[in-house]
Amino acid sequence: MSSPSARLKQLKPLYQHAVNNFLAVLAAPLVVAALVNAGRVGPEELLGRLRALRAAHLFLAAFVPAAAATLYLMLRPRSVYLVDYACFRTPPNCRVPFATFLEHAKQVTFIEGASIDERSIRFC
């Protein structure tokens, strides 16, 4: 037989999954119950019940879940991704000193308006 602590370790992922997906755990049985009830009633009686409802009730039946879903999507915590830019460093043989770059940039004459002026150099 397994010890109680071993059983708890097996149940912990199941508990975490149920807590993390609380809305789905709560909504799934309600949807199943509604579908079973709608299947028992029949389409004619179901349409009759829908026509008997007030317009405000139908509006709320559509608006409240949409508003709840919107609030849920807006208020949930955003994912944070940490990027290590050290892996994007160029190898030393591809690096160019600033003076060399500036000399080559001044020699570019085939691009129209490609003159390097003092203001552009100060920006760098």
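Residues numbered from 1 in each chain as written. Predicted model: local features only at pLDDT ≥ 70, side-chain atom pairs only at ≥ 80, totals over all residues. Heavy atoms only, no water.

Enquirer: Help me understand the pattern of salt bridges in this model?
Expert: Opposite charge on two side chains lets them pair, provided their charged atoms get close. In total, this model carries 1 salt bridge according to the counting rule given. Notably, a salt bridge pairs Arg49 with Glu45, separated by 3.0 Å at the nearest N-O pair. Of this pair, Arg49 and Glu45 are both found in helix α3 (residues 43-52), 4 residues apart, which corresponds to roughly one turn of the helix. Classification of Glu45 as partly exposed rests on a relative accessible area of 41%. (Salt bridge = Lys/Arg side-chain N within 4 Å of Asp/Glu carboxyl O. Helix = DSSP H or I, 4+ residues; strand = E, 2+ residues; numbered from the N terminus. Buried < 20%, exposed > 50% of the residue type's maximum accessible area, 1.4 Å probe, protein only.)

Enquirer: Teacher, can you tell me more about the confidence of the model for the protein chain here?
Expert: Note: predicted coordinates in regions of low pLDDT should not be interpreted at a detailed level. Looking at the protein chain, the pLDDT average stands at 83 and 87% of residues meet or exceed 70. Within the protein chain, helix α4 (residues 55-75) carries the highest mean pLDDT (91), whereas helix α6 (residues 118-123) carries the lowest (68). (pLDDT = per-residue confidence, 0-100.)

Enquirer: Before we go on, may I ask you to explain a nonpolar patch on the surface in this structure?
Expert: A cluster of nonpolar residues, Phe22, Leu23, Leu26, Leu30, Tyr72 and Leu73, forms a patch on the protein surface that exposes about 650 Å² of accessible area. Mapped onto the nonpolar patch, the elements with two or more residues apiece are α2 (22-41) and α4. Along the chain, the position of Leu73 falls in helix α4. Since its relative accessible area comes to 46%, Leu73 is described here as partly exposed. (Patch = residues over 30% accessible without salt bridge, like charges linked within 9 Å, V, L, I, M, F, W, Y side chains within 5 Å. Areas by Shrake-Rupley, 256 points an atom, 1.4 Å probe, with all protein chains shown as cover.)

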